[in-house]
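Close look at the chain arrangement
Here is how the chains run, residue by residue.
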Amino acid sequence: MKLAIVGAGYVGLVAGACFADVGNTVTMVDRSEERVAAILDGRSPIWEAGLDDLLQAVRERRRLLATTSLAEGIRDADAVFIAVGTPAQADGTADVSAVEAVLESIAEHAGGSHVYVVLKSTVPPGTNERLTQWLAERGISNLELVSNPEFLKQGDAVRDFMGPDRVIVGTRTERATELMRALYGPFMVRSKRLQVMDPTSAEITKYASNAMLASRVSFMNDLARLCEALGADVGSVRRGMGSDSRIGPHFLYASLGYGGSCFPKDVAALSAIGRSVGVTQSLVEATAHVNQVQRLHVLQRALDALGPEPAGKRAAVWGLAFKPMTDDVRESAATALVAGLRDSGVACAVHDPAAVDNALAVLGPEGITVVDDPLDALDGAHVLVIATEWRAYRTPDLQTFANRMANPIIVDGRNIYEPRWFAGTPVTYHSVGRRTTGGDGPRTTW
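Owing to the predicted nature of the structure, the values given are computational and were not obtained by experimental measurement.

A few words on the packing of helix H12 (residues 282–305) against helix H13 (residues 333–343). Taken N-terminus to C-terminus, the directions of H12 and H13 make an angle of 45 degrees; their axes are 10 Å apart at the nearest point. The angle between the axes of H12 and H13 places the two elements in the oblique class. Here H12 and H13 pass one another in a crossing that is right-handed. Contacts between H12 and H13 pair Arg295, Val298, Leu299, Ala302 and Leu303 from the former with Ala333, Ala336, Leu337, Gly340 and Leu341 from the latter. Classifying every residue of the contact of H12 with H13 by side-chain character gives eight nonpolar, one polar and one charged.

Structure (structure tokens):
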């Protein structure tokens, strides 16, 4: 099958490479000449595990092309995927202007053949219906819109696409349904996980899924602050809760808070959608509020560790990406924490295996020292904050903490260490929702 994918970002490029890998001929369309050049060279313009190798393989087999010309890219395509960004606006609603502009261009260049236009971008419920009406009003009958939201995890996107939990499609005709079954069939050899529904239900499923996962994170963070106040261990509580099959263990980890390109944007959008139709999404709005509270909570713990006069002190920060295995810093709780420390006059020595350049583009270089070895960030530091749970940080060297830090205090915003490791050591260890250990011994408060 011949496919075109407009938007060679995280969603579009992963989809394009995976569709090409199973035998389709795919043309990526993107207005960035640098991005197109990288794809044609078999290099991924984004940092995603396994994507470079996959791109090289499909390029060598001549299954993946790339161009800046939409007219060239969609020529003779059986289906055109729209995978452009839909950033949040000031009121929380998603900006779908890029999707609309691409659809207009497709209508202009598609000719008279029947083309399926697949909305892969995250769009508000009702967008498919509205754009279908737009086509009808202009007498454009050869374009058929299909909704197909993505559910990829950054850092594991290729594997997610190759073996999805489910594929959601919103269609109006059996012909469109069969096309989607054919496209995704190679990824579902062992079991059929494609779910067909109306387009509006498909659109809201995307928002609802991310909001549910985000709400679990915020619930545990709310609970973690309660555990801190009562001297309980949120890790024990999590295990007790997660062993209930009705609840399960996933996304029940207390932390610095969620971030990234999906959860914050989709939670805000679902709240805005509810307000627009007079149906307040109270739990969703509380989810966003708790997430902001948690970021400030952990920031304050770091500032408290620096004493009553934090200005002029030095903090080491491990991690800048919003999660490990990505260089994405969009809405990152880690970069927000660095910004908060710097605003308080604290000098920050930072390390991240992948996201330093992106973080500095957001934060600027003032007051920030970048180190290549995470241990070098400890020199003279009055506190270490662990903000992203990269594997490189998971095995602590307690003697190094004691020797190299001016004041060996750790604020673990991701709970990657066990408090018992620090008992009887000179290193004071704070975590989220668990007892402080080390230094002067166990304490139930920070």
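Once you've had a look at it, read on.
Running from N to C, helix H1 (residues 10–21) and helix H3 (residues 51–60) cross one another at 45 degrees; their axes reach a closest spacing of 9 Å. By the angle between their axes, H1 is oblique relative to H3. The two elements H1 and H3 cross, and the hand of that crossing is left-handed. Two secondary-structure elements touch here, H1 through Leu13, Val14, Ala17, Cys18, Ala20 and Asp21 and H3 through Leu51, Leu54, Leu55 and Val58. Per-class residue counts for the contact of H1 with H3 are nine nonpolar, no polar and one charged.

Glancing now at the pairing of strand S4 (residues 79–82). With burial as the criterion, each face of S4 is covered, one bearing Ala79 and Phe81 and the other bearing Val80 and Ile82. Relative to S4, strand S1 (residues 2–6) runs parallel, the two being bridged by four bridges. Paired with Ala4 across the strands is Val80, a residue of S4. Both S4 and strand S5 (residues 115–119) contribute to a ladder of four bridges, which runs parallel. Residue pairing for S5: Ala79 is matched across the bridge by Tyr116. Since S4 and S5 lie parallel, the crossover through helix H5 (residues 97–109) that links them has a hand, and here it is right-handed.

Moving on to the environment of Leu363. Counting through the fold element by element, Leu363 comes out in helix H14 (residues 356–363). When its relative accessible area of 12% is taken as the criterion, Leu363 is described as buried. A C-alpha to C-alpha distance of 8.4 Å links Leu363 and Val338, two positions 25 residues apart in sequence.

Moving on: the environment of Met405. Tracing the backbone shows Met405 in the loop between helix H15 (398–404) and strand S13 (409–412). Ignoring any residue separated from it by four or fewer positions in sequence, one finds Met405 in contact with Leu378, Gly380, Ala381, His382, Val383, Leu384 and Thr400.

Position of Gln154 among the secondary structure elements: in the loop between strand S6 (143–147) and helix H7 (157–162). Note on Gln154: relative accessible area 8%, which makes it buried. Looking at Gln154, its side chain comes within polar contact range of the side chain of Thr326, at 3.4 Å. Residues contacting Gln154, with those up to four places away along its chain left out, are Tyr10, Glu48, Ser261, Phe322, Lys323, Thr326, Asp328 and Arg330.

A large share of S6 lies buried, amounting to five of its five residues. Of the two faces of S6, the one carrying Leu143, Leu145 and Ser147 and the one carrying Glu144 and Val146 are both buried. Crossover S5 to S6 through helix H6 (residues 127–137) is right-handed.

Calculation notes
Residues numbered from 1 in each chain as written. Predicted model: local features only at pLDDT ≥ 70, side-chain atom pairs only at ≥ 80, totals over all residues. Heavy atoms only, no water. Axes fitted to C-alpha atoms, helices over the stretch in contact; angles between N-to-C directions. Helix = DSSP H or I, 4+ residues; strand = E, 2+ residues; numbered from the N terminus. Parallel < 35°, antiparallel > 145°, perpendicular 65-115°, else oblique. Left-handed = near helix turned anticlockwise from the far one by under 90°. Contact = heavy atoms within 4.5 Å. Nonpolar A, V, L, I, M, F, W, Y, C, P; charged D, E, K, R; others polar. Buried < 20%, exposed > 50% of the residue type's maximum accessible area, 1.4 Å probe, protein only. Pairing = 2+ DSSP bridges. Right-handed = clockwise from strand over helix to strand, strands pointing away. Polar contact = N/O pair within 3.5 Å; in protein donor to acceptor, adjacent residues only side chain to side chain.

Keep in mind these values describe shape, not function.
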